[in-house]
Amino acid sequence: MGWAVYYTISEGEAAVVRCVGDGSPLALPETVGGCPVTSLGPDCFAAGAGASDGLRLVDAAREPPPAPVRAPGNLSRLSLPEGVRTIGDRAFARCGQLARLRLPRALTSLGPRAFEQCGALEHIELPDGVTELAEYTFSQCRKLRRVTLPARLERLERQAFYNCTALEALDLPDTVTFVGSGLFMNCRSLARLSLPIGINLSVLLSDLSNDLDLTVRYPDGAARFFLPGFSYEYEDIIGPRIWRTITYGSGYLYRECFSSRDVDFDLYESYFDLAQKQDEAATAARIAWYRLRWPYHLAPRPREVYLAYLRAHSLPVLDLLLEEDDLAGLETLLALAPPAPEVRGEMLLRAERAGSVRFAARLLEGGDLPRAGGADKSFDL
């Protein structure tokens, strides 16, 4: 079994309009009839299985390709020609077995729903020539964890990542000027987001109710925030059709600090008292830590409030630093909130349990550890 590749030729360039095969690996040719392959047409891999031996090239002008079908495609491995500049609408839609794909550097255009329902796709890197993500480009790619966006990306249209439930982090380049609605709808695993100031923050954050590590980049620096997750429910208070929304956690209010164009820093700092009351100590400690370590537009008074809290709750921050193996962060933590001997001792124990020799060695420097039973504690490094 193999593949039948239907093509057209126009003005010295070849376009692949439909591929029909049995799911075996496919390497599309760089040229057809002496012409470079420069585009993949709409619904390119949406024709289902067919009977063919090896690779058969078919002139679509002489033998029309089969019509697209809605059944999941069986494409599993694919090599694309380096000259491909355009990938049409729904080109890989429903290719549920396609787990990885390297896109050619010449690529400049991706059509709407190009990778919709590619349920096995886990990581993809978009070439720098792509300046726009069309609507629903990666919608319902439920295993997609990592996406490397182009350095010159300008627009992300609506719901480009709709239902990408495994997406973990995303870095929007400084060139982005527009984001559409519902971009991260149901992206419940998205825990880290970095973006430039000037795009519609309120639209982006409206889709994200989970814990979020958010970096906002300015021309003269960057601010990093931790937005706690929140939940809500509806309560029927006066019979049918009259409801009250009950929200749990400070995260909902924190998101109101981010408008369509900027951040209200004063409002953000004002919610810290509420966060201490409604959220766990580890959450409040992370809020304080991010503002202290990246103190963009941090006024003296909230800085002292954050410092006081960090001095009393440095251990949750240490756990975060150990998880990220962030030794530079440990240096900053020790400088901002020098621990008492008993706290340093607990820090050392946690570093030892985490198996971090570097953290343990640093914590042993320049600080007295508590004594127990008349003898110094010892630590196996």
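Residues numbered from 1 in each chain as written. Predicted model: local features only at pLDDT ≥ 70, side-chain atom pairs only at ≥ 80, totals over all residues. Heavy atoms only, no water.

**Student:** Sorry, what's going on with the packing of helix H9 (residues 341-353) against helix H10 (residues 357-364) here?
**Tutor:** If you want to describe how two helices pack, look at the angle between their axes and the distance between the axes. Relative orientation of the contacting elements H9 and H10 amounts to 160°, with a least axis distance of 8 Å. Regarding the angle of H9 to H10, the classification is roughly antiparallel. Once H9 is placed against H10, the crossing between them reads as left-handed. Residues Arg344, Met347, Leu348 and Ala351 of H9 touch H10, and the partners they reach there are Phe359, Ala360, Arg362, Leu363 and Leu364. (Axes fitted to C-alpha atoms, helices over the stretch in contact; angles between N-to-C directions. Helix = DSSP H or I, 4+ residues; strand = E, 2+ residues; numbered from the N terminus. Parallel < 35°, antiparallel > 145°, perpendicular 65-115°, else oblique. Left-handed = near helix turned anticlockwise from the far one by under 90°. Contact = heavy atoms within 4.5 Å.)

**Student:** Whenever I open this one, H10 confuses me. Can you help?
**Tutor:** At 3.6 residues per turn, the α-helix brings residues three or four places apart onto the same side. Of all the positions in H10, only Phe359, Ala360, Arg362 and Leu363 are classed as buried. For H10, the buried positions fall inside an angular range of 165° around the axis, keeping them on one side. For H10, the elements touching its buried residues are helix H7 (314-324), helix H8 (327-336) and H9. (Buried < 20%, exposed > 50% of the residue type's maximum accessible area, 1.4 Å probe, protein only. Arc of directions from axis to C-beta.)

**Student:** How should the packing of aromatic side chains be read in this particular structure?
**Tutor:** Both the distance between ring centres and the angle between the ring planes are used here to describe each pair of aromatic rings. The full count for this structure, using the stated rule, is 20 aromatic pairs. Where Phe45 meets Phe92, the ring centres are 5.2 Å apart and the plane angle is 15°; that geometry is what we call stacked. With Phe45 in the loop between strand E5 (35-40) and strand E6 (55-59) and Phe92 in the loop between strand E8 (86-87) and strand E9 (109-110), this residue pair connects regions lying 47 residues apart in the sequence. For the residue pair Phe45 and Phe92, the accessibility class agrees, reading buried in each case. When the ring of Phe115 is compared with that of Phe138, the centres are 5.3 Å apart and the planes differ by 10°; the resulting orientation is stacked. (Phe/Tyr/Trp six-rings, centres within 6.5 Å; stacked < 30°, edge-to-face > 60°.)

**Student:** Just to check I follow, could you spell out the nonpolar core for this structure?
**Tutor:** Side chains that are nonpolar tend, in soluble globular proteins, to be buried together. Membership of the largest hydrophobic core comes to 107 residues, with the highest contact counts inside it found for Phe92, Phe115, Phe161, Leu172 and Phe258. Once residues lying within four places of it in the same chain are set aside, the contact partners of Leu172 are Leu149, Leu156, Val179, Leu193, Ser194, Leu195, Pro196, Ile199, Leu204 and Arg217. In terms of nonpolar packing, the next biggest core, distinct from the first, is built from six residues, Ala4, Tyr6, Val58 and Ala60 among them. (Core = buried A, V, L, I, M, F, W, Y, C linked by side-chain atoms within 4.5 Å.)

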